[in-house]
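# Observations on chain architecture
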Amino acid sequence: MYRIGQGIDFHKLVEGREFWLGGVLIPHAKGALGHSDADVLLHAICDALLGAVSLGDIGQHFPDTDAAYKGIDSKILLQRSYQLVCEKGYTLVNIDSTILLQAPKIRKYVDEMRAVIAGILNVSAEDVSIKATTTEQLSFIGREEGIVATANILLQKVDTAPKA
């Protein structure tokens, strides 16, 4: 049995914040504003994972009203989200994600992001796709006021997984 999940996240970009994306610290004049480290890609993946097994969303499990999550590393949120998925008897097959941002260019960080995410989710980096696009300077993304990430995932029930 398979389950598909879709996630999306938005964050405002501001000066004076670190820019975390896909679990990687990227040098940039602006960073995403949020209660946690505001890693928009990892948040979108968390939502996709949780949604695929009907467990709600990231805000339900890790609310921004809870001081315990203030400044938390989103890699921890991803690990905890995946643990919930595994407890429901599913394992990750693959992720396909897209990041929408005007700057910085992230191509040189994509392989590192794939490796970080794959390590947390116990899959091959080949199973993690990360793409990026600009909005050709249109909208809040084009004005470098914000960033968006989407993620689609496929889960497989563990007891139906093919034997290696």
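Here we summarise the structure given alongside this text. Please read all numbers here as calculations on a predicted model, not as lab measurements.

### Side note on the sheet that holds strand β1 (residues 2-15)
Sheet architecture is open: five strands sit in the order β4-β1-β7-β5-β6, paired in mixed fashion. Each edge of the open sheet is held by one strand with a lone partner, namely β4 (30-32) and β6 (128-133). When the angles between neighbouring strand axes are averaged without regard to direction, this sheet yields 20°. Looking at chain direction, β1 and β4 are connected through three bridges and run antiparallel.

### Some remarks on the pairing of β6
Relative to β6, strand β5 (residues 90-100) runs parallel, the two being bridged by six bridges. Across the sheet, the residue bridging to T98 is K131, located in β6. With respect to chirality, the unit in which β5 leads through helix α4 (residues 107-121) into the neighbouring parallel β6 is right-handed.

### Examining the packing of aromatic side chains
Enumeration over the complete set of coordinates arrives at two aromatic pairs. Plain terms: the ring middles of F10 and F140 are 6.4 Å apart, the flat faces sit at 35° to each other, and that makes the pair tilted. One end of the pair, F10, is in strand β1; the other, F140, is in helix α5 (residues 139-142), and 130 residues separate them in sequence. In this structure F10 comes out as partly exposed when scored by relative accessible area, which is 47%. A ring pair is formed by F62 and Y69, whose centres lie 5.5 Å apart and whose planes are at 80°; its orientation type is edge-to-face. Given a relative accessible area of 10%, F62 falls into the buried group. Look at Y69 and you get buried, because its relative accessible area is 14%.

### As for the side chain of S97
Its location among the elements puts S97 in strand β5. According to the relative accessible area criterion, S97 is buried, its value standing at 1%. Here S129 takes part through its backbone oxygen, which lies 2.8 Å from a polar atom of the side chain of S97. Residues within four places of S97 in sequence aside, it is in contact with L41, S129, I130, K131, T150 and A151.

Rules used throughout
Residues numbered from 1 in each chain as written. Predicted model: local features only at pLDDT ≥ 70, side-chain atom pairs only at ≥ 80, totals over all residues. Heavy atoms only, no water. Pairing = 2+ DSSP bridges. Helix = DSSP H or I, 4+ residues; strand = E, 2+ residues; numbered from the N terminus. Axes fitted to C-alpha atoms, helices over the stretch in contact; angles between N-to-C directions. Right-handed = clockwise from strand over helix to strand, strands pointing away. Phe/Tyr/Trp six-rings, centres within 6.5 Å; stacked < 30°, edge-to-face > 60°. Buried < 20%, exposed > 50% of the residue type's maximum accessible area, 1.4 Å probe, protein only. Polar contact = N/O pair within 3.5 Å; in protein donor to acceptor, adjacent residues only side chain to side chain. Contact = heavy atoms within 4.5 Å.

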